[in-house]
Amino acid sequence: MINVKNFGAVGDGSTDDTTAIEAAINSLTDGGTVYFPTGQYNHTGISVSNRRFITLIGESETPPFRVAPEIGTRLVNTSNTHHLNFHQCHGIRVKGLHFSNQAIPTAGTAIRFFSPYNGAGYCSVVDCRFEQVFNGIEIDGVANSTISGNEFDRPVGDFGIKVHGTQKRVDQTRIIDNVLNTQVEGGSTKTNGIVIGNDTHTTFLERNSIIKARIGYLIEGAVAPEFTRFNASEAERCHFTGIVIGHANMIWMNDIYSSVNYQNGIYFTSSFDSMAEITNCDLRGNSQFGMLLDGSGGVHVTNPRICGNSNEGVGLYHGLLLASNVGNVSVIGGKIGGDVMGHGTGGQASGICCSGGSGDKIVVQGVDLTGNQTAIIDASSGTKKSITGNII
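Residues numbered from 1 in each chain as written. Predicted model: local features only at pLDDT ≥ 70, side-chain atom pairs only at ≥ 80, totals over all residues. Heavy atoms only, no water.

Trainee: Could you clarify how one ought to interpret the overall build of the protein in this entry?
Mentor: Looking only at helices and strands, the protein features one helix and 41 strands. A total of 392 residues make up the protein; the buried ones form 59% of that total. The contacts in the protein between residues at least 6 apart in sequence include a share of 68% that link residues at least 24 apart. Summed over its atoms, the accessible surface of the protein is roughly 14200 Å², and 48% of this surface lies on carbon and sulfur atoms. In the protein, which carries 26 positive and 34 negative side-chain charges, the distance between the mean positions of the two groups comes to 2 Å. (Helix = DSSP H or I, 4+ residues; strand = E, 2+ residues; numbered from the N terminus. Buried < 20%, exposed > 50% of the residue type's maximum accessible area, 1.4 Å probe, protein only. Contact = heavy atoms within 4.5 Å. Areas by Shrake-Rupley, 256 points an atom, 1.4 Å probe, with all protein chains shown as cover. Lys, Arg positive; Asp, Glu negative; His and termini not counted. Charge placed at Lys NZ, Arg CZ, Asp CG, Glu CD.)

Here it is as structure tokens:
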């Protein structure tokens, strides 16, 4: 283990420690730990290339952050650049650091892993805090990475976390136990929470909490993201929709909570043309639809809880809407209707609405559809349907 202060870093909140930090990291070529003692390390952007199995560790991993945010290891960027920019690096681990900017930033990402070639992977960011940075963490072309136990407080850019491949596919990413509150003080935000983008393969999203983002989770790419799995995660009070699925292949959601968003709980756009399996979703109190299906892919929903939506007005929006010509949808069991707690009669125009066109292969079975203005609306002319055994 080496100490950044042995390379000239001061950590006093006024000295530019960029050169010293880079010298400490670059002194290790194939393994080792760089330790940041408690302090504030001002810098203008730290770039690292072609390094392997290096850990950067500080003293900011223990909450509560809001009680004493000045305690620990803080990296403060005094410019609009990336804080830590890793190029073609392998086995990098960042733990217990607190990232912020001297002024409200207009560009840059706190931690960026980028690789245009094979040979870069197994990077992780664990137990870090990101306070009003521009973007939080970006993984571009780096496989087998883990983002776990981090807190994001009011990022002001495009995303809290983004995984994508601009030149190389990204395999096996785990995003677990992160908390993102992206509300910018004094106004709305343009920041998306977690973005799974172009050319990703096998992404696990588990026990993440996103509050007040633009979109909580956005899954789409020109080269479709494949095999994205959600488990026990939430999106709440987003300025648009909690979860948006666009051009993507194979989606699994289990125990998802998407509530009190200003548009919809979950939205499958017209670009979705693959398969999604959704189990035990809880979609309530959203201003428009609980779930909106507008793509040609198959969506299969088991044991949903969709209630108290259409907060913009009684009878304006449905619990679950199948847009015109949408088919290959099944809803089995669960409760769709009632107020936000699932009691009495709520504002949803209907529990389930098949809005028209020739959508086929629609199955609605064993669903409690009481507590809506109308239980179910079936305007589809499709003939291959089974709507039976429901409570209305």
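There is more to say, and it comes next.
Trainee: Mind showing me how you'd approach the packing of aromatic side chains here?
Mentor: When we look at a pair of aromatic rings, we describe it by the centre distance and by the angle of the planes. Going through the model one piece at a time under the given rule, you end up with eight aromatic pairs. Arranged with centres 5.7 Å apart and planes meeting at 90 degrees, the rings of F36 and Y41 form a pair that is edge-to-face. Take F36 and Y41: they sit in the same class, and that class is buried. Taken together, the ring pairs connect F99, F130 and F152 into an aromatic cluster. Over the ring of W252 we find R229; its NZ or CZ atom is 3.9 Å from the centre of that ring. (Phe/Tyr/Trp six-rings, centres within 6.5 Å; stacked < 30°, edge-to-face > 60°. Lys NZ or Arg CZ within 6 Å of the ring centre and 35° of its normal.)

Trainee: Sorry, what's going on with the nonpolar core here?
Mentor: Across soluble globular proteins, nonpolar side chains have a tendency to be buried as a group. In this structure, F99 and I111 are the most contacted members of the largest nonpolar core, which totals 83 residues. Broken down by element, this core gets its largest block of residues, four residues, from helix α1 (residues 18-26). With residues up to four places along the chain from it excluded, the contact list for I111 reads L84, F86, V94, F99, V125, F130, G136, I137 and E138. (Core = buried A, V, L, I, M, F, W, Y, C linked by side-chain atoms within 4.5 Å.)

Trainee: I tried to follow the side chain of K168 on my own but got confused; where do I start?
Mentor: Within the secondary structure layout, K168 lies in the loop between β17 (159-164) and β18 (170-176). In this structure the side chain of K168 is engaged in a polar contact, spanning 3.1 Å, whose partner is the backbone oxygen of G141. Ignoring anything within four residues of it in the chain, the contact list for K168 reads S115, P116, Y117, N118, A120, G141 and D199. (Polar contact = N/O pair within 3.5 Å; in protein donor to acceptor, adjacent residues only side chain to side chain.)

Trainee: Where do I start with the side chain of D17 in this structure?
Mentor: Relative to the helices and strands, D17 resides in the loop between β2 (12-16) and α1. Despite its burial, D17 pairs with no opposite charge, the nearest such side chain being K5 at 8.2 Å. At 2.9 Å, the side chain of D17 forms a polar contact with the backbone nitrogen of V10. Those residues in contact with D17, other than ones at most four positions away along the chain, are G8, A9, V10, G11, Q40, Y41 and N42. (Salt bridge = Lys/Arg side-chain N within 4 Å of Asp/Glu carboxyl O.)

Trainee: Would you take a moment to explain the environment of G319 for this structure?
Mentor: For G319, the location among the structural elements is in the loop between β34 (305-307) and β35 (320-322). Non-local contacts of G319, meaning those with residues more than four positions away in its chain, are made with F289, G290, M291, I306, I336, Q348, S350 and G351.

Trainee: Just to check I follow, could you spell out the pattern of salt bridges for this structure?
Mentor: When the charged atoms of two side chains lie near each other, side chains of opposite charge can form a pair. Taken as a whole, this structure holds 15 salt bridges when the rule is applied. With a shortest N-O distance of 3.8 Å, R154 and E131 are connected by a salt bridge. Of this pair, R154 sits in the loop between β16 (151-153) and β17 while E131 sits in strand β13 (residues 129-131), placing them 23 residues apart in sequence. Classification of E131 as buried rests on a relative accessible area of 19%.

Trainee: I'm lost on the pairing of strand β36 (residues 329-332) in this one. Help?
Mentor: Consecutive side chains along a regular strand alternate between the two faces of the sheet. Pairing of strand β33 (residues 298-302) with β36, which is carried by four bridges, proceeds in the parallel orientation. Counted as the bridge partner of V299 is V329 from β36. Pairing between β36 and strand β39 (residues 362-365): four bridges, direction parallel. Note that in β39 the partner of I332 across the bridge is Q365. (Pairing = 2+ DSSP bridges.)

Trainee: In this structure, what is going on with unusual backbone geometry? I would like to understand it.
Mentor: The phi torsion of most residues other than glycine is negative, and most of the peptide bonds are trans. Not every positive phi belongs to a glycine, and Q132 is a case in point at roughly 50 degrees. By the secondary structure assignment, Q132 is in the loop between β13 and β14 (135-140). Phi at V260 is positive, roughly 55 degrees, even though this residue is not glycine. Its relative accessible area of 37% is what places V260 among the partly exposed residues.

Trainee: Help me out: how do you make sense of the environment of T279 in this one?
Mentor: Its place among the elements puts T279 in strand β30 (residues 275-279). For the pair T279 and G265, spaced 14 residues apart in sequence, the C-alpha to C-alpha distance is 14 Å. If near-sequence neighbours (up to four positions away) are discounted, T279 is found in contact with M253, N254, D255 and T302.

Trainee: What's the story with the pairing of β30 in this structure? I'm lost.
Mentor: Judged from the four bridges that link them, strand β27 (residues 249-254) and β30 form a sheet pairing that is parallel. Bridged to N254 within β30 is T279. Examined bridge by bridge, β30 and β33 share five bridges and lie parallel to one another. Bridged to T279 within β33 is T302.

Trainee: Just checking my understanding: could you explain α1 for this structure?
Mentor: Given 3.6 residues per helical turn, the α-helix brings residues three or four places apart onto the same face. Buried residues of α1: T18, A20, I21, A24 and I25, and no others. In the core, the buried residues of α1 are packed alongside β1 (2-3), β2, β3 (30-35), β4 (39-43), β5 (46-49) and β6 (52-57).

Trainee: Explain the environment of F113 to me, please; I cannot follow it from the model alone.
Mentor: With respect to the helices and strands, the residue F113 is situated in strand β11 (residues 109-114). Judged by relative accessible area, F113 falls into the buried class, the value being 3%. Setting aside its immediate chain neighbours within four residues, F113 contacts F86, I92, C123, S124, V125, E138, I139, D140 and V142.

Shape descriptors only; they carry no functional weight alone.
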